[in-house]
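Listed below, chain by chain, are the residues.
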Amino acid sequence: MPPQVFISYSHKDKKFCDELYDQLLPLERAGRAKIWRDDRKIRAGSQWRDEINAQLDQSQIVLLLVSSNFFGSDYCNQVEVPRALERHAAGQARVIPVILSPVYWQELFGEFHALPRGAKPVILWKFRGEAYENITRGVREALPVDPEAGPRPSPESSPASGPASGQDGYSQAHDSYFYNLPQPPTRFVGRKKERQQIKKLISKEVSLLVLLGSPGSGKTRLAQKVAEDLALEFESGACFVPLDRIDEPALVPSAIAEALRIQQPERTDIKENLKNYFSGKRMLLLLDNFEHLISDGKDSAVEFIVDLLAGNPLLKVLITSREDVAIQGQREPLPDLLPSDAVELFLQSARAVNRRAVQEMDRAQVAEICARLQYIPLAIDLAAAQSDVFLPPEMLPRLKRQLPFLKRRWAGIPKRHQTMWAAIEWSYNLLDSPEVQAFLTRLSVFSGGWVPESAAEVCNAENFLKIDVEPVLVSLVRKNLLRRETGTSELRFTMLDVVREFGAKLLERSHDGDELQRLRGLHARHFTELAEAAERRITSDRRKGELQRLEAEHANFREALGWCQKNDRELGLRLAGALFWFWNLRSHFSEGSAWFEGLLAQTPPAGCPWAHAKALYGAGGLAFLQGDYETASRRLAESVKMWLGLEDERGLAYALVLQGAVASHQGDFDPALKSEQKSVEIFRRLGDRWGHALALNDLGNVYRLKGEYKEARKFFYDSLHLWRSMGDEWGLPLTLSNLGFLEMFDRDFHGARKTLKEALEIQRQAKDVWGLAETLKVLADLAVRLERYEEAETLYRESLALNRQIGRKPFAIGCLAGLATVAAEVGPPEYAERLFEAVESLRGSSSVPVKAFDSEKYDLALEKHRSRSPVAGELDAASRAGLDVDWTKIIQFALQARAVAPASRPAELRAGATGRTGTSRRKAEVVDLR
């Protein structure tokens, strides 16, 4: 019976297996061997395993076709290889690894006879047939002696002999091809664009490339993947040199020699030996973790790399570092992981510890985890490693504090990659001085970013640390511990949340937390002063760019208000009062109201009456904007009383403007006129043009609501003149919208449309959500009067979504009334009925201003609907009760159905959809309002 040869290969290497089988087939035909391979169809269960074991037990020679696919194959690694190695150890079989492609195989198969000679991968042979001939020759030599064949060649002369070392310490394997890239535990995920860019640069354009990134950003893994992809392009191979185990730049040459497994003879210059080694070799050298070895002194590692490249033009060097390396070459900062790639990375890492749980994971929850971790690959990997205990819904609340959760001990993984704390601490310990370390930790009091001036005033007050702040910030960016914010008109910096948590933890440990409290107090006072200075510019002709700057600091304002609420409520009232116009103009109504009411409830007015009066004014103003007229009236009355006692005319004038607006919306026109006229008089006397324009606009509104259109038009034009002279992008469209509404009721439809379109364009550019929602609603009312029902529906829907977003209930009800009006004209009766029922229920519980409700058209539509609809009034009491309770559900219902009748409805029901013009209408634009 001839001996059996067993071929083990991965599915993806079947082509190589077929080629090798064809090469070995003559041995089988000559009766020298029996070649066995399975068909590689996965057959789960013990029967398949038993078959493999049976064939292995009958084989005297086992060929392992080694590649990255082979190492990634569970059934090769878990079934075939262990059994083959058992038989090899027992002396029952000869195991021959056949290196198909560049992989690091020595640890597992280094003791075996490797083919072809020097372990050069098959794929690198110029003629692959020569490689297979070598393998066949090696198999033939392992077979029992053929009596008819001549004597075997000696091991010394055999081309299939294993590597032998010369006196210079270089082996034949090294002379032909070298490869020691670590085999990754999991499949690489994402970074496709970055991989292509780096590979292109290294292959064609540069000799050296530095891959830069923050702690845990995945530099090492990406560099290893790039080196693996490029290995076939380098005839002499690729070498991975881990540098985290050395702490002196002078030891870099020794680390490279050790990675290359070069034996260094005594009394020889290791640097010269390395230069000689690389001479004439086209090779890729990957130096991982270089940041702690950057120096300009004697035995500089940087200088050595420069010399190495200068003497070896075929050598390419890829460096990973958290800090830029002062070598002339290409820099490639590592961007954030794409959200989709982050989810795949989490699922793959989780699969390694809990395969069954991954099948039940909600990808949306995983995406939320990745976003919470700011798409940091190491953080995602560490979180996923907890999947053996925690599922995603259980992880999310634990990630409020990330550092205690993001850790896992893995054998063979560098310490700095086992916890996020260790990853950040590694970089922290490399900082230039204790002062710079202290500065970094102090920056953790900021939230969402900062400008250099703020960093200096809060973290280096009175130059306590004796540092030049801006250059230190720049150096921390280059060390990838901070980031430069993009998309801003001014120089701003930020840090990752997990780095901020690290800094805050170190501050908590210093002086029992006193240092952290002191810095947060400095932070709160600084941002209060910043907001107060900005408020005067916002309410003037100097507002340009101010709202954007305040929006950029919004997270810092929240942080400061949170600290004030617990530690200094009077300072909190000052800060909230200063932010009223920012919250107003940026439509942060609900958030601002919550801060005002919380601080007012906890702070007596006696402590700081000026701040209290301003907070009352702000609370009343935001309540008015949300349609809570009762709260607004009460808060503003208190504010007016306090301003009178403080004899502060400017504060009084602003409070009177809002007090008049609330009164007019409640139908109390006489007190409304008195308040607005008084505010106009004060602003004119103070020379406050911005306040004067605002008061004139609101005085015009009172006359409009009274039906005195001539007087209203006069004050609107006066207000417009002032707004235009200041170029104010908030006030100008505000008054234009009011004037357009007036022109619509005056039946000047052409003028109204022109005026409203001008207002709308300005509000869209300025991103004025509150004003935009109002103008869209008025334009929709105008479209109804012009019988443009599809246009009206689209405008109502967009306005409804915006009003829902900012919590402006009265105008949301107005939009529902408008949709009901459209539905009564051209829509399904059932849809119209539910909307009418909803609006009638809500009107009884809410004060809806005239501008938010086109009652003339609504009342006519309601009457028409009641007279013709077979389902009118049929909603049961339970449905009405549900509508009364939750107005957000009413909005959702209104957006789920369409008011305009679809073309598929019967002709008799579609007749109304054409309006009086009798022309067919296109399907209205669908606006995504989710």
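Since the structure is predicted, the reported quantities are computational estimates derived from the model, not experimental observations. (Residues numbered from 1 in each chain as written. Predicted model: local features only at pLDDT ≥ 70, side-chain atom pairs only at ≥ 80, totals over all residues. Heavy atoms only, no water.)

Undergrad: Can you break down empty space enclosed by the protein residue by residue, with the values?
TA: The final tally for this structure, using the stated rule, is five cavities of 30 Å³ or more. In this structure, the largest cavity occupies an estimated 400 Å³ of space. Around the largest cavity, the lining comprises 32 residues; the ones closest to its centre are F624, L625, H665, D698 and W770. Where the lining of the largest cavity is concerned, the elements lending two or more residues are α27 (580-585), α29 (609-625), α31 (649-665), α33 (689-706), α35 (731-745), α37 (769-785) and α39 (809-826). (1 Å grid on protein atoms, 1.4 Å probe; cavity = no way out; pocket = protein on both sides within 12 Å on 5 of 7 lines; lining within 4 Å. Points joined across faces, edges and corners; volume = space filled by probe spheres on them. Helix = DSSP H or I, 4+ residues; strand = E, 2+ residues; numbered from the N terminus.)

Undergrad: For the environment of P121, give the residues involved together with the corresponding values.
TA: Counting through the fold element by element, P121 comes out in the loop between α5 (106-109) and α6 (128-142). According to the relative accessible area criterion, P121 is buried, its value standing at 1%. Considered as a pair, P121 and L232 are 111 residues apart in the sequence and their alpha carbons are 9.1 Å apart. (Buried < 20%, exposed > 50% of the residue type's maximum accessible area, 1.4 Å probe, protein only.)

Undergrad: Describe the side chain of S67, listing the residues and the values that go with them.
TA: Looking at the element boundaries, S67 is found in the loop between β3 (59-66) and α3 (68-71). Looking at S67, the relative accessible area reads 1%, which means it is buried. Within the structure, S67 has its side chain in polar contact with the side chain of D13 (distance 2.4 Å). A polar atom in the side chain of S67 sits 3.2 Å from the backbone nitrogen of N69. Here S67 is in contact with S10, D13, L100, S101 and V103, once residues within four sequence places are set aside. (Polar contact = N/O pair within 3.5 Å; in protein donor to acceptor, adjacent residues only side chain to side chain. Contact = heavy atoms within 4.5 Å.)

Undergrad: Explain the sheet that holds strand β6 (residues 208-212) to me, and be specific about the residues and the numbers.
TA: The strand order across the open sheet built from six strands is β5-β7-β8-β9-β6-β10, with neighbouring strands paired in parallel fashion. The two strands at the open ends of the sheet, each matched to only one other strand, are β5 (178-179) and β10 (330-333). In terms of strand pairing, β6 meets β10 through four bridges, oriented parallel. What sits directly across from L212, in β10, is P333. (Pairing = 2+ DSSP bridges.)

Undergrad: Break down the sheet that holds β3 for me, with residues and values.
TA: Read from one edge to the other, the open sheet built from four strands follows the order β2-β1-β3-β4, with strand pairing classed as parallel. A single partner strand is all that each edge strand has here, and the edge strands are β2 (34-36) and β4 (94-99). Strand-to-strand twist of the sheet, defined as the mean angle between neighbouring strand axes without regard to direction, takes the value 20°. Here helix α1 (residues 14-29) sits on the sheet and contacts β1 (4-8), β2 and β3; the angle it forms with β3, its principal contact strand, is near 155°. (Axes fitted to C-alpha atoms, helices over the stretch in contact; angles between N-to-C directions.)

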